[in-house]
Amino acid sequence: MKRIVIKVGSSVLTETTNIAEERMLHLVSLITEARKKYEVILVSSGAVAAGYTAVKLNRSIPTSKKVLASVGQSVLMSSYKNMFDIYGVTISQILLTEEDFDSRVHTRIFQDIIERTLKHDILPIVNENDISTTPDQLFGDNDQLSAHVTYHTNADILIILSDIDGYYDSNPKDNPKAKIRKFVTEIKDEELDQKHTPNSQFATGGIVTKLKAAQFLMDKNRDMFLCNGYDLTSAREFLIEGVHNKGTLFTNKQEKKDKK
């Protein structure tokens, strides 16, 4: 059975003052369906944004952001549990930092936990532990975290559910004729050096962090698929039906290049 990592961003999971329950339920439904075909690991953003739904603190203040995350983790996981309970799926929470991938001992512990949760049909939900850590211990965005999780758990592909439909050949906000690049087999340095432009005040990524995640995986002979998380049609077609209608596949595998 193939192993996949699904990463979902804050903007998909939350609205300004509430958890986006309908979108989250659609995500839970898709993951439940995907688990019949794959081993699934979920990397979920949204703790800070979820915390803000309960406590209105200024996230630009580092300590306040940590407080929001500490409040939001329970809010987020409670929402996930309530929804996965509908489908009889047991979930676990795993909080990581960049240091967990810099230490062989820590990495081995993380890998063992993932293997055991999957073996017992538990869905692991991974997020960054930004509560008790220093800035240099953090990835800073879950795109990078999810790429490392994909590689270190030997998953076949990372699926990033975002607030965009895919990677465009130019900025769609500036160019109404911009087209989605269905396949990307090479990422240029100037693309990686663009300014980070997250669309949500609670997001920490933007297209650049997704490109960096894709480059990290392509360098290690793994794939990444970027698609819309608000409308999961493309994700469902790609994962369940094996059809690539929309979204961007980042790959350096020859057989997929040939389909371009």
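First, a word on scope: everything that follows refers to the structure included in this document. Please read all numbers here as calculations on a predicted model, not as lab measurements. (Residues numbered from 1 in each chain as written. Predicted model: local features only at pLDDT ≥ 70, side-chain atom pairs only at ≥ 80, totals over all residues. Heavy atoms only, no water.)

## Let's talk about the side chain of Asn142
Part 1 of the reasoning: Among the secondary structure elements, Asn142 is positioned in helix H6 (residues 142-152).
Part 2 of the reasoning: Reaching out from Asn142, the side chain makes a polar contact with the backbone oxygen of Ser44 at a distance of 3.4 Å.
Part 3 of the reasoning: Residue contacts for Asn142: discarding those within four places in its chain leaves Lys7, Val43, Ser44, Ser45, Asn127 and Glu128. (Helix = DSSP H or I, 4+ residues; strand = E, 2+ residues; numbered from the N terminus. Polar contact = N/O pair within 3.5 Å; in protein donor to acceptor, adjacent residues only side chain to side chain. Contact = heavy atoms within 4.5 Å.)

## Some words on a nonpolar patch on the surface
Part 1 of the reasoning: On the surface, a cluster of nonpolar side chains totalling about 280 Å² of accessible area is made up of Leu25, Ile86 and Tyr87.
Part 2 of the reasoning: For Leu25, the location among the structural elements is in helix H2 (residues 21-34).
Part 3 of the reasoning: Residue class for Leu25 comes out partly exposed when judged on its relative accessible area of 32%. (Patch = residues over 30% accessible without salt bridge, like charges linked within 9 Å, V, L, I, M, F, W, Y side chains within 5 Å. Areas by Shrake-Rupley, 256 points an atom, 1.4 Å probe, with all protein chains shown as cover. Salt bridge = Lys/Arg side-chain N within 4 Å of Asp/Glu carboxyl O. Buried < 20%, exposed > 50% of the residue type's maximum accessible area, 1.4 Å probe, protein only.)

## A closer look at the packing of aromatic side chains
Part 1 of the reasoning: In this structure the tally under the stated criterion is five aromatic pairs.
Part 2 of the reasoning: Above the ring of Tyr52, the side-chain terminus of Lys56 is found at 5.2 Å from the ring centroid.
Part 3 of the reasoning: One residue, Lys220, lies across the ring of Tyr151, its end atom 5.3 Å from the ring centre. (Phe/Tyr/Trp six-rings, centres within 6.5 Å; stacked < 30°, edge-to-face > 60°. Lys NZ or Arg CZ within 6 Å of the ring centre and 35° of its normal.)

## Here we look at the sheet that holds strand E1 (residues 3-8)
Part 1 of the reasoning: Taken in spatial order, the eight strands line up as E3-E4-E2-E1-E5-E7-E8-E6 in an open sheet, and their pairing is mixed. Sheet topology places strand E3 (90-96) and strand E6 (183-184) at the edges, where each strand pairs with a single neighbour.
Part 2 of the reasoning: Strand direction decides the pairing type here: strand E7 (residues 223-228) and strand E8 (residues 248-250), joined by three bridges, are antiparallel. Bridging from a neighbouring strand, Met224 pairs with Phe250 of E8.
Part 3 of the reasoning: Lying over the sheet, helix H4 (residues 62-86) contacts E1, strand E2 (39-44), E3 and strand E4 (122-128), oriented at roughly 155° with respect to E3. (Pairing = 2+ DSSP bridges. Axes fitted to C-alpha atoms, helices over the stretch in contact; angles between N-to-C directions.)

## Focus: H6
Part 1 of the reasoning: Extensive coverage of H6 is indicated by the burial of 10 of its 11 residues.
Part 2 of the reasoning: Within the sequence span of H6, burial applies to Asn142, Asp143, Gln144, Leu145, Ser146, Ala147, His148, Val149, Thr150 and His152.
Part 3 of the reasoning: Where H6 ends, the next residue or the one after it, Asn154, has phi of about 60°, a positive value.

In short, the description is geometric, and any link to function would need to be established separately.
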